[in-house]
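# Summary of the model geometry
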Amino acid sequence: MSDIQREEMSYDVVIVGAGPAGLSAAIKLKQINSDISICLLEKAAEVGAHILSGNVFETKALDELIPNWKDLNAPVKTKVTSEDFLYLNKEKSFKVPNFILPKSLQNHGNYIISLSNLCKWLGEFAENLGVEIFPGFAASKLLYNEKGEVSGVQTGDMGLDINGNPKDNFEPGINIKGKVTVLSEGCRGHLGKEVIKKFNLDANNKSPQQYGIGFKEIWEIDPEKHNLGKILHSVGWPLENDTYGGSFCYHAENNQIYLGYVIGLDYKNPYLSPYDEFQQFKTHPEIKKLLTKGKRISYGARALIEGGLQSLPQMHMPGALLIGCDAGTLNMPKIKGSHTAMKSGIIAGEVINKHLSQNEHLSIYEDEFKNSWIYDELHQARNVKPSFQWGLIPAMVFTGIDQKIFGGKLPFTLQHKHADHDSLVSAKDSKKIDYPKYDGEFTFDKPSSVYLSGTNHAENQPCHLLLKDKDLTTNYTLEEYDEPAQRYCPAGVYEIETDSETQKKFLKINSQNCIHCKTCDIKEPSQNIDWITPEGGGGPIYSGT
Amino acid sequence: MSVLIIAEHDNNILKSSTLNTISAALKLSEDIHLLILGSKIENLCKNTQSIHKVSKILKCDNEKLENFIPEIMAPIVSNIAKNYTHVLTPASTFGKNLLPRVSALLDVTQISDVIEILSENTFVRPIYAGNAISQVETNQNINLLTIRPTAFDKCEESGGSASIEDIEFLNTDTPTLFIGREVSKSDRPDLGNARVVISGGRGMENSDNFKLLYELADKLNAAVGASRAAVDSGYIGNEYQVGQTGKMVAPELYIAIGISGAIQHLAGMKDSKVIVAINKDTEAPIFNVADYGLSSDLFQAIPEIIKELDLLNKIES
Amino acid sequence: MKVLVAVKRVVDYKVQIRVKADQSGVETENVKMSVNPPDENAIEEAVKLKEQGLAQETLAVTIGDDKAQDVLRTSLAMGIDRSILVKSPNSLEPLAVAKTLSKIIEKENPDLVLLGKQAIDDDSNQTGQILSALLNWPQACFISDLKIEGNKLFISREIDEGIEKLETNLPAVLTCDLRLNTPRFASLPNIMKAKKKPLDIIDISTLGIDTNPKIKVLKVEEPPKRKAGIMVNDVKELVEKLKYEAKVI
Ligand SMILES: Cc1cc2nc3c(=O)[nH]c(=O)nc-3n(C[C@H](O)[C@H](O)[C@H](O)COP(=O)(O)OP(=O)(O)OC[C@H]3O[C@@H](n4cnc5c(N)ncnc54)[C@H](O)[C@@H]3O)c2cc1C
Ligand SMILES: Cc1cc2nc3c(=O)[nH]c(=O)nc-3n(C[C@H](O)[C@H](O)[C@H](O)COP(=O)(O)OP(=O)(O)OC[C@H]3O[C@@H](n4cnc5c(N)ncnc54)[C@H](O)[C@@H]3O)c2cc1C
Ligand code: SF4
């Protein structure tokens with residue numbers, strides 16, 4: 001559709017993605033200079049509707065950005081009151097005494113929040129400062145100027161049919177030009193992926209990037225069992241010792257608990273199904289007890305970026321900055337990335353202002369970042385995740401020593417060995433895993449889960465999951481890995497069907513189910529799947545997540 | 001206390017939705033008055049006299065009423081409705097078109113789409129497309145209710161001996177002219193209104209096999225539907241999809257064949273009166289909502305059903 | 001010709017609604033809200049009439065709290081010229097909505113009023129019909145096709161049996177079916193422009209109408225779950241059960 005005449009709009013700054021990072025950058029810029037014009041694009045139907053996060057929140061960055069957030073009634077209300085850390089085996093649970101927990105796992109002074117609600121609130125705050133936010137509009141392409149610098153983005157076309165032809169209501173995307181473009185798409189942004197490659201931003205990375213997949217369900221539970229402000233983490237069952245992962249359970253407002261599970265995407269067994277591990281986890285007696293008489297009201301999943309400092313790419317490039325989880329600022333041992341994403345946005349705001357007003361080069365971002373508390377925090381955390389390649393128990397012992405005794409200051413840095421898509425072992429060398437049937441009370445099938453996420457994509461639009469080689473499943477991945485997409489996708493997008501005539505198996509893509517978690521883009525062993533933005537407004541409609 | 005029902009008909013025969021509405025009214029009173037507005041409805045009224053518990057037929061026969069133009073009907077209805085505490089009509093496009101207009105003339109709030117009558121002033125109705133059920137109470141002098149026909153059985157058509165009373169036609173001038181009605185006439189009934197729906201899923205394997213379903217559908221005068229998986233795989237057109245993103249159906253009989261029963265599919269058919277599931281997987285979730293489940297290979301089951309139905313027809317004739 | 005469109009702000013149709021634990025209603029806090037889907041068809045039709053030169057002015061009206069301005073901004077971004085929010089602290093019953101609209105219509109004197117056929121929250125399907133009775137104008141409900149020639153309207157409307165064709169005159173009240181047209185997307189530049197289009201606010205108390213509810217909601221519950229029935233052994237048994245037990249064939 002290159003012959004289309006596209007409208008053009010110009011701003012000082014174009015920001016892609018209304019997560020904590022992008023919103024903080026926008027707010028900071030407007031606070032410094034309200035004359036700077038800012039356009040913020042968000043692919044979700046409304047701000048917050050694609051945000052899914054734990055979330056135990058450190059207010060450090062929010063305190064800096066909006067010091068009077070409490071007076072302004074920010075949805076940050078529930079203080080953490082108590083916390084437990086459990087090691088689970090199939091029947092039992094063992095409490096890890098708090099005094100041996102490293103500081104990074106302690107949450108005194110933090111809050112249990114819905115990050116989705118906080119983003120909604122930050123969005124309104126930003127709009128009141130004059131930021132122009134456009135929910136329902138995805139940035140689908142980057143624009144470059146003649147010098148090869150990023151010069152803005154193109155929004156997605158709306159109203160194309162499955163073959164890419166315009167329908168009645170066709171509305172072409174427009175070009176939005178910015179003096180500076182900020183990419184804050186969160187973990188595995190598809191534009192972020194493009195610029196990392198194009199500008200070689202990861203050339204100096206010590207390790208390949210690492211990811212995890214995180215699930216979250218909200219349950220309304222029996223008030224008798226609810227304990228506002230309590231948080232609970234666990235490791236162990238049902239995961240095998242060689243798989244990195246664990247659970248969280250946060251007692252939030254309205255008798256709700258936020259129950260979730262995070263699994264490292266460097267897992268090896270292609271038969272592993274992260275979704276089913278999570279479902280099975282809920283049948284542990286300790287968890288079942290909590291959920292009995294409860295009701296599941298929400299479901300979602302989202303990839304997390306876990307590489308930390310070793311994998312952090314350069315964050316500036318000609319014409320643009322890459323911030324938050326789009327770059328990889330999450331602190332893995334804490335599983336906290338909201339405050340660091342916000343801080344990276346605050347720094348972006350400051351740097352862009354200097355760039356626009358004093359002609360400073362965007363590269364000062366790197367130094368400002370290094371001189372801030374995020375860097376210290378990530379440096380301290382850097383060895384935890386890689387130590388898990390030794391297995392759970394040694395890693396916990398190491399982490400104890402590293403974090404507790406040396407405060408993360410050990411004079412060496414462990415490296416991540418593989419990129420996540422390289423970690424799978426051939427199916428024939430792997431153990432099949434038989435997951436229990438769903439009981440409809442504590443555990444549920446994927447369609448029922450996706451149903452709760454409000455996910456939808458307008459029918460008859462081009463598929464937003466591109467296969468580089470559309471026959472790869474049939475010719476290779478099925479045989480080699482028993483097509484793991486069937487299992488790693490948390491929304492049942494990928495199914496194997498058999499052609500009734502030829503009896504050939506092929507990959508069927510139910511793109512309508514996609515909850516935009518980005519796992520397939522990360523984990524496909526041959527990197528055969530490219531996630532691109534579907535028509536704006538599609539995807540899940542999370543609330544309270 | 002008697003209850004007034006506004007009959008839905010086509011000037012020749014009474015629509016069965018009226019019979020369902022009478023059943024609903026019987027929860028309020030044993031004495032039913034039936035208001036029939038139409039043109040040349042002499043025979044219709046006579047044939048209606050025997051309906052169970054209907055004691056009086058109020059007949060308004062005028063050629064201007066032939067095409068049920070609400071602007072003309074509403075003043076007549078509201079004039080009579082004043083004598084009753086409850087006025088009911090089916091929640092069909094007929095009732096939906098008419099009764100709100102009556103409510104405006106009487107200045108009362110109508111209660112739409114009632115599925116349960118708890119007392120003379122407490123009613124149950126679905127909201128949010130049936131995803132929530134609301135119980136409401138009102139203290140109005142006249143209760144105007146549209147009744148969801150599928151929520152009530154049909155009343156008996158015999159046993160009554162109603163008197164027929166002519167009522168005066170009050171003319172209202174309206175610029176509205178009726179031009180015509182295109183009754184959808186395909187070989188098979190429309191998915192949305194069919195009494196029986198037979199849907200096929202991924203288990204059908206290809207579009208050729210759907211012919212089996214059509215054959216069965218013809219025996220039952222049923223509409224054919226499908227799951228998304230069947231539609232996406234090209235076994236059948238998009239307009240046949242039943243479910244969250246397809247059509248919502250609530251037939252008397254829904255037969256799901258080779259469909260697993262994902263929640264998105266159930267969303268489109270769970271209000272059917274009787275659900276039958278045929279699936280070879282005994283654990284398929286569809287069996288959790290089916291009134292009758294048959295665990296069997298569909299390629300075996302469908303021809304057998306066709307045979308049984310033929311047999312049945314033979315016995316009957 | 002002047003066209004007035006009534007729009008309602010409702011829970012987005014894609015959201016899986018949740019009944020509140022205290023049974024007082026459906027959760028709407030932090031839930032995505034949108035323009036009621038068939039109202040979008042009404043907006044689209046009005047904008048098309050303007051584009052065809054048949055309408056000179058289009059106006060959208062909603063009744064609700066401050067947040068309901070959203071749906072007016074959406075209407076304006078889709079191409080409506082101006083809009084009015086009738087501010088009401090409570091949600092109103094269809095009768096009260098129609099009375100409110102009739103007051104606005106008295107002031108604005110539109111020739112054509114378009115509404116959605118039904119709001120997807122309370123599913124009442126009444127407002128258009130009541131409004132046309134209050135105004136004593138012709139009504140056509142569930143329309144799926146509209147042609148206008150001078151003062152004359154040629155209408156197709158969806159009925160249970162198929163399609164009904166009507167002719168009537170302006171002024172009239174029409175309620176729109178989803179099949180009427182395909183609503184356009186609001187483009188980004190048009191969303192920007194919409195921010196500058198007029199949005200007037202009128203307090204409902206100034207209209208002098210009785211908006212007190214006549215119906216009390218006692219409770220709102222989840223629909224009962226369907227229960228599993230029986231497994232039959234063979235086809236013969238199935239057909240027999242359907243014939244003699246369920247009596248559906
Ligand atoms: C299960 C789970 C639990 C977590 N728990 C915690 C916790 O307890 N504490 C904590 O601090 N952190 C936690 N995190 C991490 C935290 O959620 C992230 O670090 C944080 O959300 C990152 O913010 P961000 O702004 O960089 O990106 P995101 O929050 O991902 O926001 C990106 C936004 O950009 C939008 N977007 C993406 N691409 C485009 C495009 N092309 N066009 C338009 N819009 C686009 C997205 O829709 C989204 O709204 C958790 C994460 C997960 C998944
Ligand atoms: C946003 C969204 C919207 C959706 N909307 C809809 C919708 O509107 N409608 C809809 O249907 N789905 C919808 N879905 C998809 C839904 O989740 C399911 O994927 C779909 O319904 C599955 O269709 P199926 O039951 O035909 O296929 P499957 O789940 O694959 O089930 C096939 C069944 O056939 C049985 N079977 C196979 N062979 C035989 C045989 N020889 N004899 C007997 N039984 C056999 C199998 O045991 C199995 O149970 C939607 C999903 C999403 C995420
Ligand atoms: S298709 Fe990919 S991005 Fe979408 S839900 Fe599945 S794994 Fe996640």
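What comes next is a walk through the structure. This structure is a prediction, so every number in the text was calculated from the model and none was measured.

Per the secondary structure count, chain C includes six helices and 13 strands. Over its C-alpha atoms, taken along the principal directions, chain C stretches across nearly 70 × 45 × 40 Å. With 249 residues in all, chain C has 57% of them scored as buried. Here chain C has roughly 10,500 Å² of accessible surface; of this, 47% comes from carbon and sulfur atoms.

All names here are of chain A. Neighbouring ligand 1 are 38 residues; E42, S53, V56, C325 and S338 lie closest to it. Contact between ligand 1 and C325: an oxygen atom at 2.8 Å from a main-chain N or O atom of the residue. Counting residues per element, the ones that place at least two in the shell around ligand 1 are α1 (20-32), β2 (38-42), β16 (245-251), β18 (295-305) and α7 (338-358). Grouping the amino acids of the shell around ligand 1 by side-chain chemistry returns 19 nonpolar, 14 polar and five charged.

Let's shift gears to the site of ligand 3. Taken together, 14 residues sit near ligand 3, with C489, C514, C517, K518 and C520 of chain A positioned nearest. Here the residues of the shell around ligand 3 are counted per class, giving eleven nonpolar, two polar and one charged.

All right, on to the interface of chain B and chain A then. Each partner contributes to the interface: chain B provides 17 residues, whereas chain A provides 15 residues. When the buried area of chain B at its contact with chain A is split by residue, R202, R228 and I263 of chain B rank highest and sum to 37% of it. Scanning the region where chain B abuts chain A turns up two salt bridges. The interface formed by chain B and chain A includes seven residue pairs in polar contact (both at pLDDT 80 or more). When residues of the side of chain B that touches chain A are traced back to their parent elements, those giving at least two are α6 (228-232) and α7 (263-266) of chain B. Here the side of chain B that touches chain A gets three residues from one element, more than from any other, and that element is α6 of chain B. The residue inventory of the side of chain B that touches chain A, partitioned by class, reads five nonpolar, seven polar and five charged.

Another aspect to go through is the environment of S23 of chain B. All names here are of chain B. One can find S23 in helix α1 (residues 16-25). Overall, S23 belongs to the buried group, its relative accessible area being 15%. The spatial distance from the C-alpha of S23 to the C-alpha of G38 is 22 Å, given a sequence separation of 15 residues. Excluding anything up to four places from it in sequence, S23 contacts F152, D153, K154 and C155. A distance of 2.7 Å separates a polar side-chain atom of S23 from the backbone oxygen of D153.

A separate point is the pairing of strand β16 (residues 292-295) of chain B. Taken together, the four bridges between strand β15 (residues 274-279) of chain B and β16 of chain B define a ladder with parallel strand orientation. Looking at β16 of chain B, one finds that N279 of chain B is bridged to S295 of chain B.

This part is about the interface of chain C and chain B. Listed by partner, the interface residues are 72 residues for chain C and 75 residues for chain B. The junction of chain C with chain B conceals about 6,200 Å² of combined surface from both sides, 55% of it contributed by carbon and sulfur atoms. The partner of E161 of chain C in a salt bridge is K15 of chain B, with the nearest N and O atoms 2.5 Å apart. Counting every contact that joins chain C to chain B gives 43 residue pairs in polar contact (both at pLDDT 80 or more). Taken together, the elements giving at least two residues each to the side of chain C that touches chain B come down to α3 (94-108), α4 (127-135), β7 (139-149), β8 (152-159), β9 (162-169), β12 (215-221), β13 (230-232) and α6 (235-245) of chain C. No other element matches α6 of chain C, which puts nine residues into the side of chain C that touches chain B. Classifying every residue of the side of chain C that touches chain B gives 34 nonpolar, 14 polar and 24 charged. Across six bridges, the pairing between strand β11 (residues 177-183) of chain B and β9 of chain C is antiparallel. From the neighbouring strand, L177 of chain B faces β9 of chain C, where its bridge partner is E167 of chain C.

Another aspect to go through is the pairing of strand β15 (residues 230-236) of chain A. All names here are of chain A. In terms of residue burial, β15 counts as a mostly covered element, since six of its seven residues are buried. Examined bridge by bridge, strand β5 (residues 82-88) and β15 share seven bridges and lie parallel to one another. Paired with S82 across the bridge in β15 is K230. Relative to β16, β15 runs antiparallel, the two being bridged by four bridges. If you follow S234 over to β16, its bridge partner there is S247.

Residues and elements named next belong to chain B. Pairing is parallel in the open sheet, where seven strands are placed in the order β5-β9-β4-β1-β2-β3-β10. Looking at which strands have only one partner, the edges of the open sheet turn out to be β5 (111-114) and β10 (163-166). Direction aside, the axes of adjacent strands within the sheet are offset by 25 degrees on average. As paired elements, strand β4 (residues 86-90) and strand β9 (residues 143-147) share five bridges and run parallel to each other. Of the residues in β9, the one forming a bridge with H86 is N143. Here α1 sits on the sheet and contacts β1 (3-6), β2 (32-38), β3 (54-61), β4 and β9; the angle it forms with β4, its principal contact strand, is near 150 degrees.

This part is about a nonpolar patch on the surface. Together, I393, V397, I401, I405 and F406 of chain A give the surface a local cluster of nonpolar side chains, amounting to about 460 Å² of exposed area. The topology assignment puts I393 of chain A in helix α11 (residues 392-405).

In this section: the pattern of salt bridges. Taken as a whole and assessed by the stated rule, the structure comprises 61 salt bridges over all chains. Between R18 of chain C and E220 of chain A there is a salt bridge, with the nearest N and O atoms lying 3.0 Å from each other. Taken as a pair, R18 of chain C in the loop between β2 (9-11) and β3 (33-35) and E220 of chain A in strand β14 (residues 211-220) lie in two separate chains rather than in one. By relative accessible area, R18 of chain C is classed as buried at 19%. By relative accessible area, which is 17% here, E220 of chain A ends up buried.

All names here are of chain A. Residues L41, I66, V76, L122, V153, I176 and Y365 are the most contacted members of the largest nonpolar core, which totals 79 residues. Excluding anything up to four places from it in sequence, I66 contacts I27, Q31, L72, W121, L122 and F125. Within the second largest apolar cluster, 75 residues are counted, among which are L86, I213, L290 and I529.

Turning our eyes to something else, we now look at the packing of aromatic side chains. Residue and element names in this part refer to chain A. According to the stated counting rule, one finds 17 aromatic pairs over all chains in the structure shown. Each ring, one from Y144 and one from F199, has its centre 6.3 Å from the other, and the planes form 55 degrees; the classification is tilted. In this pair, Y144 is assigned in strand β9 (residues 139-144) and F199 in the loop between α4 (190-198) and β14, connecting sequence segments 55 residues apart. Pairing Y275 with Y299 gives two aromatic rings, centres 5.8 Å apart and planes at 75 degrees, and the pair type is edge-to-face.

Turning next to the side chain of N36 of chain C. All names here are of chain C. Summarising the element assignment, N36 is placed in the loop between β3 and α1 (37-51). There is a polar contact of 2.9 Å between the side chain of N36 and the backbone nitrogen of I120. Those residues in contact with N36 that lie beyond four places of it in its chain are K8, V10, Q118, A119 and I120.

At their nearest, the axes of helix α8 (residues 298-316) of chain B and α6 of chain C sit 9 Å apart, and the two run at 50 degrees to each other. By the angle between their directions, the pair α8 of chain B and α6 of chain C is classed as oblique. As for how α8 of chain B packs across α6 of chain C, the hand of that crossing is right-handed. The segment α8 of chain B lies against α6 of chain C, with A301, E304, I305, E308, L309, L312 and E316 of chain B engaging V235, K236, L238, V239, K243 and Y244 of chain C. By residue class, the composition of the contact of α8 of chain B with α6 of chain C is eight nonpolar, no polar and five charged.

The next point concerns helix α13 (residues 472-481) of chain A. Residue and element names in this part refer to chain A. For α13, the full list of buried residues reads L472, T473, T477, L478 and Y481. Taken around the axis of α13, the buried residues stretch over an arc of 125 degrees, which confines them to a single face. Structural note: α13 exposes N475 and E479 on the side pointing more than 90 degrees away from its buried face. Turning to α13, the residues buried within the fold contact α14 (485-488), β22 (494-498) and β23 (505-509). Phi turns positive one or two residues past the end of α13, at D482, with a value near 50 degrees.

What follows concerns the sheet that holds β11 of chain B. One open sheet accounts for ten strands, arranged β11(B)-β9(C)-β8(C)-β7(C)-β10(C)-β6(C)-β1(C)-β4(C)-β5(C)-β11(C); its pairing is mixed. A single partner strand is all that each edge strand has here, and the edge strands are β11 of chain B together with β11 (199-203) of chain C. Across this sheet, the average inter-strand angle for adjacent strands is 30 degrees, counted without regard to direction. Here β7 of chain C runs beside strand β10 (residues 172-176) of chain C; their pairing, made up of three bridges, is parallel. Paired with A140 of chain C across the strands is L174 of chain C, a residue of β10 of chain C. Of the strands in this sheet, β1 (2-6), β4 (57-64), β6 (112-116), β7 and β10 of chain C are in contact with α1 of chain C, which crosses β6 of chain C at around 150 degrees. Along the sheet face, α4 of chain C touches β6, β7 and β10 of chain C and points at about 180 degrees away from the line of β10 of chain C.

The rules behind each value
- Residues numbered from 1 in each chain as written.
- Chains lettered and ligands numbered in written order.
- Predicted model: local features only at pLDDT ≥ 70, side-chain atom pairs only at ≥ 80, totals over all residues.
- Heavy atoms only, no water.
- Helix = DSSP H or I, 4+ residues; strand = E, 2+ residues; numbered from the N terminus.
- Buried < 20%, exposed > 50% of the residue type's maximum accessible area, 1.4 Å probe, protein only.
- Areas by Shrake-Rupley, 256 points an atom, 1.4 Å probe, with all protein chains shown as cover.
- Near = heavy atom within 4 Å.
- Polar contact = N/O pair within 3.5 Å; in protein donor to acceptor, adjacent residues only side chain to side chain.
- Nonpolar A, V, L, I, M, F, W, Y, C, P; charged D, E, K, R; others polar.
- Contact = heavy atoms within 4.5 Å.
- Buried area = accessible area lost by both parts, 1.4 Å probe.
- Salt bridge = Lys/Arg side-chain N within 4 Å of Asp/Glu carboxyl O.
- Pairing = 2+ DSSP bridges.
- Axes fitted to C-alpha atoms, helices over the stretch in contact; angles between N-to-C directions.
- Patch = residues over 30% accessible without salt bridge, like charges linked within 9 Å, V, L, I, M, F, W, Y side chains within 5 Å.
- Core = buried A, V, L, I, M, F, W, Y, C linked by side-chain atoms within 4.5 Å.
- Phe/Tyr/Trp six-rings, centres within 6.5 Å; stacked < 30°, edge-to-face > 60°.
- Parallel < 35°, antiparallel > 145°, perpendicular 65-115°, else oblique.
- Left-handed = near helix turned anticlockwise from the far one by under 90°.
- Arc of directions from axis to C-beta.

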